[in-house]
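Structure at a glance
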Amino acid sequence: MPGTVRLLTFAGARDVVGASEMDLALDLPCTAADFLDGVCARYPGLVPYKKALRLAVNGSYVAWTDLVASGDEVALIPPVAGG
């Protein structure tokens, strides 16, 4: 069933997507893994980052089997280097 989430992107993911936040329509609910697959299909430039990205849903990191539902806020979190 179609639904909309608020997508937040950072660093390289933001550069590929072209925005730091947007409303994104996908078939929802779906697993976090399926969500990332859908985002990568829409933005193929994310594919090289795919294995390194983490997802946070409504402010909390999720497992790839957790569900993403319509109305959620989903953040694509790239690897972070400290210093």
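Residues numbered from 1 in each chain as written. Predicted model: local features only at pLDDT ≥ 70, side-chain atom pairs only at ≥ 80, totals over all residues. Heavy atoms only, no water.

With respect to the overall build of the chain
Helix and strand counts for the chain stand at two helices and seven strands. Across the chain, helices and strands are ordered from the amino to the carboxyl terminus as β-α-β-β-α-β-β-β-β. The C-alpha atoms of the chain give 12 Å as radius of gyration, which agrees with the globular expectation for 83 residues (12 Å, within 12%). Across the 83 residues that make up the chain, the buried fraction comes to 39%. In the chain, the share of contacts with a sequence separation of at least 24, taken over all contacts with a separation of at least 6, comes to 51%. Treating the 6 positive side-chain charges of the chain as one cloud and the 9 negative ones as another, the clouds have centres 7 Å apart. (Helix = DSSP H or I, 4+ residues; strand = E, 2+ residues; numbered from the N terminus. Rg over C-alpha atoms; globule rule 2.2 N^0.38 Å. Buried < 20%, exposed > 50% of the residue type's maximum accessible area, 1.4 Å probe, protein only. Contact = heavy atoms within 4.5 Å. Lys, Arg positive; Asp, Glu negative; His and termini not counted. Charge placed at Lys NZ, Arg CZ, Asp CG, Glu CD.)

Regarding the packing of aromatic side chains
Here the structure, examined in full by the defined rule, presents zero aromatic pairs. Taking the ring centre of Y61 as reference, the NZ or CZ of R54 above it sits at 4.3 Å. (Phe/Tyr/Trp six-rings, centres within 6.5 Å; stacked < 30°, edge-to-face > 60°. Lys NZ or Arg CZ within 6 Å of the ring centre and 35° of its normal.)

Structural notes on the environment of L46
With respect to the element layout, L46 can be found in the loop between α2 (32-42) and β4 (54-57). In this structure, the C-alpha to C-alpha distance between L46 and G18, residues 28 residues apart in sequence, is 11 Å.

Overview of the confidence of the model for the chain
Averaged over every residue, the pLDDT of the chain is 93; the share at 70 or more is 96%. Here helix α1 (residues 11-17) stands out as the element of the chain with the lowest mean pLDDT, 92, in contrast to strand β6 (residues 67-68), whose mean of 98 is the highest. (pLDDT = per-residue confidence, 0-100.)

Considering the side chain of D72
Relative to the elements of secondary structure, D72 occurs in the loop between β6 and β7 (73-77). Buried within the structure, D72 lacks any salt-bridge partner; its nearest side chain of opposite charge belongs to R6, at an N-O separation of 13 Å. A polar contact is formed between the side chain of D72 and the side chain of N58, at a distance of 2.9 Å. (Salt bridge = Lys/Arg side-chain N within 4 Å of Asp/Glu carboxyl O. Polar contact = N/O pair within 3.5 Å; in protein donor to acceptor, adjacent residues only side chain to side chain.)

Thoughts on the environment of D27
You can see D27 is positioned in strand β2 (residues 21-27). Spatially, the C-alpha atom of D27 lies 9.9 Å from that of V68, the residues being 41 residues apart in sequence. Dropping the residues within four chain positions of it, D27 is found in contact with M1 and P2.

Notes on the nonpolar core
Formed by 23 residues in total, the largest nonpolar core has its most connected members in F35, V39, L46, L55, V68 and L76. Those elements that place two or more of their residues in this core are β1 (2-9), α1, β2, α2, β4 and β7. If we ignore the near neighbours within four places in the chain, the residues touching L76 are L7, L8, T9, F10, A13, L36, V39, L46, L53, R54 and L55. (Core = buried A, V, L, I, M, F, W, Y, C linked by side-chain atoms within 4.5 Å.)

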